[in-house]
Amino acid sequence: MSALLDIRNLSVALKGGPRLLRSVSLAVAAGEVRGLVGESGAGKSMIGKALLGILPRSVEVVDGQILLDGDDLLRLPPAERRRRIGQRAALIPQDPLTALNPAHRVGPQITDRLVDILRWPRARAEARALDLLAEVHIPDPGRVMKSYPHELSGGMRQRVLIASAFAAEPALIVADEPTTALDVTVQKQILRLIAEMQARHHTALLFVTHDLGVVSKVCQNLSVLYAGKVVEDTTVRDFFRAPGHPYSAALLAATPKYTDPDGSLTPVPEAVIAAVRAEVEAAETEWQHGRR
Amino acid sequence: MLDGRGAIRRRAGARLWLSGGWLLLLVTVALFAPLVAPQDPLAQDLMSGRLPPFWSAQAEPGFWLGTDSLGRDVLSRVIWGARVALTVACIAGPLTALIGGALGLIAGFYRGWADRIISRLVDIWMAFPPVLFSILLIAVLGTGLTSIILAIVVIDWTRFARVVRAEAMNQGAMDYVAAAQVAGFSRLRTMTAEILPNVLPTLVALLSLEMGISVIVEAILSFVNLSLSTDAPTWGGMIAEGRTSIHQAWWVLAFPLVALFLTVLSFSQFGEGLKDRFDPVLR
Ligand SMILES: Nc1ncnc2c1ncn2[C@@H]1O[C@H](COP(=O)(O)OP(=O)(O)OP(=O)(O)O)[C@@H](O)[C@H]1O
Ligand SMILES: [Mg+2]
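Because the structure is a prediction, the values reported are computed rather than measured. (Residues numbered from 1 in each chain as written. Chains lettered and ligands numbered in written order. Predicted model: local features only at pLDDT ≥ 70, side-chain atom pairs only at ≥ 80, totals over all residues. Heavy atoms only, no water.)

## Quick look at the overall build of chain A
The criterion, for reference: Secondary structure follows DSSP: runs of H or I at least 4 residues long count as helices, runs of E at least 2 residues long count as strands, and numbering of each begins at the N terminus. Any residue under 20% of the maximum accessible area for its type is buried, any over 50% is exposed, and the rest in between are partly exposed; the area is computed with a 1.4 Å probe on protein chains only. In this tally, Asp and Glu contribute negative charge and Lys and Arg positive charge; neither His nor the terminal groups of the chain are included. Charge positions are represented by NZ for Lys, CZ for Arg, CG for Asp and CD for Glu.
Across its full length, chain A carries eleven helices and ten strands. Counting over 292 residues, chain A shows a buried share of 52%. Of the charged side chains in chain A, 35 are positive and 33 negative; the average position of the first set lies 5 Å away from that of the second.

## Notes on the pattern of salt bridges
When charged atoms on two side chains of opposite charge get close, those side chains can pair. Selection rule: One side-chain nitrogen of Lys or Arg within 4 Å of one carboxyl oxygen of Asp or Glu is enough to make a salt bridge.
Applying the stated criterion across every chain yields a total of 24 salt bridges over all chains. Across the pair arginine 122 of chain A and glutamate 126 of chain A runs a salt bridge, and its minimum N-O distance is 3.8 Å. Residue arginine 122 of chain A and its partner glutamate 126 of chain A are located together in helix α4 (residues 122-135), separated by four residues, close to a single helical turn. The exposure class assigned to arginine 122 of chain A is partly exposed, which follows from its relative accessible area of 38%. Given the relative accessible area of 34%, glutamate 126 of chain A is considered partly exposed. A network of salt bridges, in which partner residues are shared, links Asp112, Asp116, Arg122 and Glu126 of chain A together with Arg189 and Glu194 of chain B.

## Considering the packing of aromatic side chains
For clarity, the threshold we go by: Classification of ring pairs uses Phe, Tyr and Trp, with its six-membered ring standing for Trp, and accepts pairs whose centres are within 6.5 Å; under 30 degrees between planes counts as stacked, over 60 as edge-to-face, and the remaining range as tilted.
The final tally for this structure, using the stated rule, is eleven aromatic pairs over all chains. Consider the rings of phenylalanine 239 of chain A and phenylalanine 240 of chain A, whose centres lie 5.4 Å apart with planes at 90°: the pair is edge-to-face. Residue phenylalanine 239 of chain A is classed as buried on the basis of its relative accessible area of 0%. Its relative accessible area of 22% is what places phenylalanine 240 of chain A among the partly exposed residues. Between the aromatic rings of phenylalanine 54 of chain B and tryptophan 55 of chain B, the centroid separation amounts to 5.2 Å while the plane-to-plane angle is 80°, which identifies the pairing as edge-to-face. On the basis of relative accessibility, which here comes to 52%, the residue tryptophan 55 of chain B falls in the exposed class. Following the ring pairs from residue to residue traces out a cluster consisting of Phe54, Trp55, Trp64, Trp250, Trp251 and Phe255 of chain B.

## Concerning the site of ligand 1
All names here are of chain A. To be explicit about the condition: Here a residue is considered near a molecule or strand provided that any single heavy atom belonging to it is located within 4 Å of it. Definition of a polar contact: a pair of N or O atoms within 3.5 Å, with one able to donate and the other able to accept a hydrogen when the atoms are protein atoms, and with sequence-neighbouring residues admitted only if both atoms are side-chain atoms. All accessible areas in this document rest on Shrake-Rupley with a 1.4 Å probe, and a residue is counted as covered only by the protein chains that are shown. All amino acids are sorted into three groups, where Ala, Val, Leu, Ile, Met, Phe, Trp, Tyr, Cys and Pro are nonpolar, Asp, Glu, Lys and Arg are charged, and the leftover types, Gly among them, are polar.
Ligand 1 sits among 14 residues. The nearest are Ser40, Gly41, Lys44, Ser45 and Met46. Between ligand 1 and serine 45, the relevant distance is 2.6 Å, taken from an oxygen atom to a side-chain nitrogen or oxygen of the residue. With the chains in place, 65% of the 630 Å² that ligand 1 exposes on its own is no longer accessible. Looking at the shell around ligand 1 element by element, the count peaks at three residues for helix α1 (residues 44-52). Residues of the shell around ligand 1, tallied by class, amount to five nonpolar, six polar and three charged.

## Some words on the sheet that holds strand β8 (residues 204-208) of chain A
Residues and elements named next belong to chain A. Under the convention used in this document: Any two strands with at least two DSSP-identified bridges between them are counted as paired. Convention adopted: a line fitted to C-alpha atoms gives each axis, helices being fitted over their contacting stretch, and angles between N-to-C directions are expressed from 0 to 180 degrees. In this description, contact between two residues means that some pair of their heavy atoms is separated by no more than 4.5 Å.
Pairing is mixed in the open sheet, where six strands are placed in the order β6-β7-β8-β3-β9-β10. At either margin of the open sheet sits one strand with a lone partner, and together these are β6 (89-92) and β10 (229-235). Averaged over neighbouring strand pairs, the angle between their axes works out to 20° when direction is ignored. Inspection of the sheet shows strand β7 (residues 172-176) paired to β8 by five bridges, in the parallel sense. Along β8, the bridge assignment pairs aspartate 176 with valine 208. Strand contacts of helix α7 (residues 184-201): β3 (33-37), β6 and β8, with the helix running at about 155° to β8, the strand carrying the most contacts.

## Thoughts on the interface of chain B and chain A
The cut-off we apply is this: Joining two parts hides part of their accessible area as seen by a 1.4 Å probe, and the buried area is that hidden amount summed over both.
The interface is formed by 23 residues belonging to chain B together with 25 residues belonging to chain A. Summing the contributions of chain B and of chain A, the shared interface buries around 1,900 Å²; its carbon and sulfur component is 58%. Counting across the interface, chain B meets chain A through two salt bridges. Secondary structure elements with two or more residues in the side of chain B that touches chain A: α3 (74-110), α7 (175-183) and α8 (187-223) of chain B. For the side of chain B that touches chain A, the leading source of residues is α7 of chain B, giving seven residues. In the side of chain B that touches chain A, the residues fall into 13 nonpolar, four polar and six charged.

Honestly, that's just the spatial picture; any functional story needs more than this.
Set out below in structure tokens:
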């Protein structure tokens, strides 16, 4: 099966500075749900941003390829790249508070891109938005379409964003910690909703999280990122049975649910962290030398 | 409802109505000055100089706010002075907002070299003391309304550029901007359709404030005799004249000063009120 998304040896660095992603390779097949885990600052969001073409200004891709449908996005002219991404991919962001524009009503925020970018007739776009809002279990979609974002709760906004992400039937959705900014009670519902929508639309999902519990529920495969490097790429089943990398093992051990029944928390051992960090630093020095 | 939003709205409402009322009155009398003004603002009558306002025993009918030392009607001159003040405010304000706002938006959203150039320009501009700068500019451009307006635009665009740039940078970091990029909208469309509406309330408040500032600048320049000809009715010119006869005829100074004060205050309050009204979070 050829991959829908195939990231090969992607390196991303602060301009003139150290690398934030170090030769990352990661593939997502059509319809696959892949978890991307790692601690805060590991570079999970950076992968999503690189692939969606929204890297921060201070950061640049220094090496590698991002193949979407077999074409390297990094080699396409900017306008063409934007078009491809807009047609084939979408984002479910982390913070529903800032992901909707406070100045516009909800409806146009879903339909504008369908009409302006994908050239749908407006009536069709509006019908589609209403359908999707109903699909994400929003009561009275017609009223919500006419609301401003501040009139909706956080959970409602995240539902709107999920509807919006699925609106153009993208082949790939990047969900960047889509539940962290929400109430614990709402988190479960949103998680279930994303899984449900994914199953119904057969969309590939790159699911960024640092919650292994979430991974075990929604993902089939898993990439573990540590300090900008993929240290493990495996199926979820194998991961929980026998993690292949010491960092993965430590990560698993540190997750309460998977430790001893008495619930004691095992922190990631210092030795493991030190070993991985030494490996990272060595590689980084080598790379910096290579660049000069 | 007892929530804070309601209270803010009510207060903004009163502010909006009071300041808006004064500005509306001013615009009306300025527009219809030839019909509204009881006297010819330029007509001198040395025999009826320094007549006091209407409530005084020595007042003469037809000269409601008294006359100056040359016998010119103060009320008529305040009304015609409003024309000058509002002309300057209504041209200089929007022009400054347009230029400063556009540059600030570009600098704050596109960043990069455009931002470096614009920010450097702002820094250089800020190094000049504005009053000296304006007097210098008028000296070069010559006196007259056009020069005053030009001077205000040239000096004050940085006020807009700085604030709008900061605001655009804030908005640019929001996820909805990233979402627009992912969807495939161009940078230009993102700037005008996503960022601009969120910067607009600030821009409007600043514009209203700037119109008040334009009125002050015009008054200062006519006060130091760099505006229209000395004869022409301007608030600044009247204040300058009134200063010399403050002990004999305080009203010559007081009425244009009050008009100036109320106008500047109203512009700034009107802007703040509008901003609260349009702020999407408070709306
Ligand atoms: N705008 C930016 N400019 C410069 N460096 C950045 C920027 N954003 C993130 N970084 C750096 O890039 C690295 C990876 O950040 P990233 O946001 O991808 O982490 P993450 O794995 O998503 O973490 P989290 O779980 O906290 O979201 C971090 O070291 C971070 O400091
Ligand atoms: Mg992140």
